[in-house]
Amino acid sequence: MPLEDAALAEALRRATRDDGRGRPLDDAFLRPVARAPATEETADDEALARALQAEELANARETARGTDVDGGARARATSAPATGASTSDACVGCGGALGALERVTSVRALGGCWHARCFRCDDCGEQLRGVFGGGGEYVVTGKPGEDRRLFHARCYRERHRPTCCVCAACIPSRDGYIHFETTPYWGEISCVEHATDGTNRCDGCRRYEKRGGEEYIAAPDGRTLCLECVQTVVIDTKDAEPLYRDILDFFGTYGLSALGTGGELPPLYLCTQDVINHVDEEEKWHQGRTSQVRGMCVSHVETISTVYRQPTWKPSNAGSVFDVFGQLDMVEHRIPRSTTQKVTAIIVLSCLPRVLFSSILAHECMHMYLRLNGFPTLEPIVEEGLCQLFALLWIERQMASQNATASDAALAAYCCEAIREDPSEIYGVGARLAIDAYDAHGLVRVLDSVRRTRNFPISS
């Protein structure tokens, strides 16, 4: 057997051996932690490189051998004279001719031959050995027919692996897969460990604080806000009253009265998270429905502690600057009780950005509308679905406003997606049922149907 034929046979033997782990490097390599575990797993990154190398050399076999002729004899492209014009004699890397000896030492990859000196990593520039074992293994990016690139396995990891938005490190693999967390809407990727290692997370947009970046601002009750969300923060009732009036007027755009006939406007209070949690225990409305309660339509609680801000100035390294939260006091209010009043107050979590705060307030105002306009007791999925729908309609109106800033528009889009994509049964499924009914019938007809049937109208 000629020397070059022996080299080719050895390469093919290596390429076609069955090591039990032949699997290409595809989209499954990047696997979010939320997905179900794969039924077939690759042991580690080196196995990924071996699998792709085997695939490349196996694909090169047919290119190298050509087609059957004369009863099974094979004509190989590499048998053409080195001085000929055939493109099979040209190095894929430099385009230069491959001599007889160079064909023996050449590397077959991506459907062609390469000078050994031309077969280099597209990242570090070092020569690739192009054989199995150790540091000589390589990986390929791109699909056949597209721009395909070669990398050392280690260079691929450093260059193409997802980088954590928090610690800026390449996210490590476990069991042959990369597990990471993606922040909804924003698409930021982070190590799963940051969800439990104390890393600050904005209570408005839910983005993690990046190490070495701008520090998040701590709210009085321990929550944190990013610098974008804190710019429009709503702290006390004085801040919130204009939004309250705007949302009540928003009912009027649909010909609805939030207060019913001659209803009295319930007071609005802004509270810290611990106060809201305590009220929720007494109202017993959200139990088992959500992990965090940010607003409530109150009917039974008699006293409540609310946030009251007294603006102050404080020194800092850059001079005197206004403290966005100021000096916050807790003021206790006694809520009047009445046998005829079904809503005694609305409370919403303090220190949230304006867009998010107003969406929560709109949600609670729909609860108020249902109770003050004679609606029967509804299943939670129907009532919460209607409230989420109204919050969505309100946010979309804010997005369409000419006064909306780019930051407000981005947060509004995040809030809309959070409502539409909520995975929970009560809020998420309920919202999608309400949205489908609204798209088919409009808000007024949906509310009329719910009043009569206690359920959403059937959509065609």
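Residues numbered from 1 in each chain as written. Predicted model: local features only at pLDDT ≥ 70, side-chain atom pairs only at ≥ 80, totals over all residues. Heavy atoms only, no water.

Under an unreviewed UniProt entry, the name given to the protein is LIM zinc-binding domain-containing protein, and the source organism is Ostreococcus lucimarinus.

What the protein contains, in helices and strands, is twelve helices and 21 strands. With 460 residues in all, the protein has 45% of them scored as buried. The contacts of the protein with a sequence gap of at least 6 include a subset with a gap of at least 24, amounting to 59%. For the protein, the computed accessible surface area is about 23400 Å², with 49% contributed by carbon and sulfur atoms. (Helix = DSSP H or I, 4+ residues; strand = E, 2+ residues; numbered from the N terminus. Buried < 20%, exposed > 50% of the residue type's maximum accessible area, 1.4 Å probe, protein only. Contact = heavy atoms within 4.5 Å. Areas by Shrake-Rupley, 256 points an atom, 1.4 Å probe, with all protein chains shown as cover.)

Attention shifts here to the pattern of salt bridges. On inspection of all chains with the given rule, the structure shows eleven salt bridges. When the shortest N-O distance is used, the salt bridge between Arg 201 and Glu 181 registers 3.3 Å. Of the two residues, Arg 201 sits in the loop between β10 (189–190) and β11 (217–218) while Glu 181 sits in strand β9 (residues 181–182), which places them 20 residues apart along the sequence. Judged by relative accessible area, which is 17%, Glu 181 ranks as buried. For Asp 203, the salt bridge goes to Arg 294, with nearest N and O atoms at 3.1 Å. In this pair, Asp 203 is assigned in the loop between β10 and β11 and Arg 294 in the loop between α7 (273–283) and β15 (295–298), connecting sequence segments 91 residues apart. The two residues Asp 203 and Arg 294 agree in class, both being buried. Several salt bridges converge on common partners, so that one network encompasses Asp 203, Arg 206, Asp 221, Arg 223 and Arg 294. (Salt bridge = Lys/Arg side-chain N within 4 Å of Asp/Glu carboxyl O.)

Taken as a class, soluble globular proteins show a tendency for nonpolar side chains to be buried jointly. Membership of the largest hydrophobic core comes to 83 residues, with the highest contact counts inside it found for Phe 251, Ile 347, Phe 357, Leu 361, Met 368 and Leu 386. Sort the elements by how many residues they give to this core and helix α8 (residues 354–372) lands first, with twelve residues. Setting aside residues up to four positions removed in sequence, Leu 361 forms contacts with Leu 243, Tyr 244, Ile 247, Leu 268, Ile 346 and Val 348. If you look at the next biggest cluster of nonpolar residues, it comprises 17 residues, including Val 107, Leu 150, Phe 151 and Tyr 156. (Core = buried A, V, L, I, M, F, W, Y, C linked by side-chain atoms within 4.5 Å.)

With that settled, consider the packing of α8 against helix α10 (residues 406–420). Where α8 contacts α10, the axes come no closer than 9 Å and their chain directions differ by 40°. Looking at the two axes, α8 sits oblique to α10. Crossing of α8 against α10: the hand is right-handed. Within the contact between the two elements, α8 uses Arg 354, Val 355 and Leu 356 and α10 uses Asp 408, Leu 411, Ala 412 and Cys 415. Of the residues contributing to the contact of α8 with α10, the split by class is five nonpolar, no polar and two charged. (Axes fitted to C-alpha atoms, helices over the stretch in contact; angles between N-to-C directions. Parallel < 35°, antiparallel > 145°, perpendicular 65-115°, else oblique. Left-handed = near helix turned anticlockwise from the far one by under 90°. Nonpolar A, V, L, I, M, F, W, Y, C, P; charged D, E, K, R; others polar.)

A few words now on the packing of helix α6 (residues 237–252) against helix α9 (residues 380–399). Look at α6 against α9: their axes get within 12 Å of each other, and the N-to-C directions meet at 105°. Considering the angle they form, α6 stands roughly perpendicular to α9. Where α6 abuts α9, its residues Asp 246, Ile 247, Phe 250 and Phe 251 lie against Phe 390, Leu 393, Trp 394 and Arg 397. In terms of residue class, the contact of α6 with α9 is built from six nonpolar, no polar and two charged.

With that out of the way, let us pick up unusual backbone geometry. Positive phi, normally seen in glycine, also occurs at Ala 168, with a value near 65°. Summarising the element assignment, Ala 168 is placed in the loop between α4 (153–160) and β7 (173–174).

This part is about the pairing of strand β14 (residues 268–271). Moving residue by residue along a regular strand, the side chains alternate between the two faces of the sheet. Across the two faces of β14 the burial is the same, with Leu 268 and Leu 270 and Tyr 269 and Cys 271 all buried. Examined bridge by bridge, β14 and strand β20 (residues 345–349) share four bridges and lie parallel to one another. Along β20, the bridge assignment pairs Tyr 269 with Ile 347. (Pairing = 2+ DSSP bridges.)

Tracing the backbone through its elements, the reader meets His 194 in the loop between β10 and β11. Residues in contact with His 194, not counting those within four places in the same chain, are Cys 164, Val 166, Cys 167, Thr 199, Tyr 208 and Arg 211.

The next point concerns the environment of Phe 390. On the secondary structure map, Phe 390 appears in helix α9. Remark: the alpha-carbon pair of Phe 390 and Glu 364, spanning 26 residues in sequence, is separated by 9.5 Å. In this view, Phe 390 contacts Ile 247, Phe 250, Phe 251, Ala 362, Met 366 and Leu 443; residues no more than four positions away in its chain are not counted.

Moving on: the sheet that holds β14. The three strands are arranged β14-β20-β15 in an open sheet whose pairing can be described as mixed. Two strands lie at the open edges of the sheet, namely β14 and β15, each paired on one side alone. Each strand axis lies, on average, 20° off the axis of its neighbour in the sheet, ignoring direction. Against the sheet, α7 touches β14, β15 and β20, its axis set at about 45° to β15. Along the sheet, α8 contacts β14, β15 and β20; its crossing angle with β20, the most-contacted strand, is approximately 160°.

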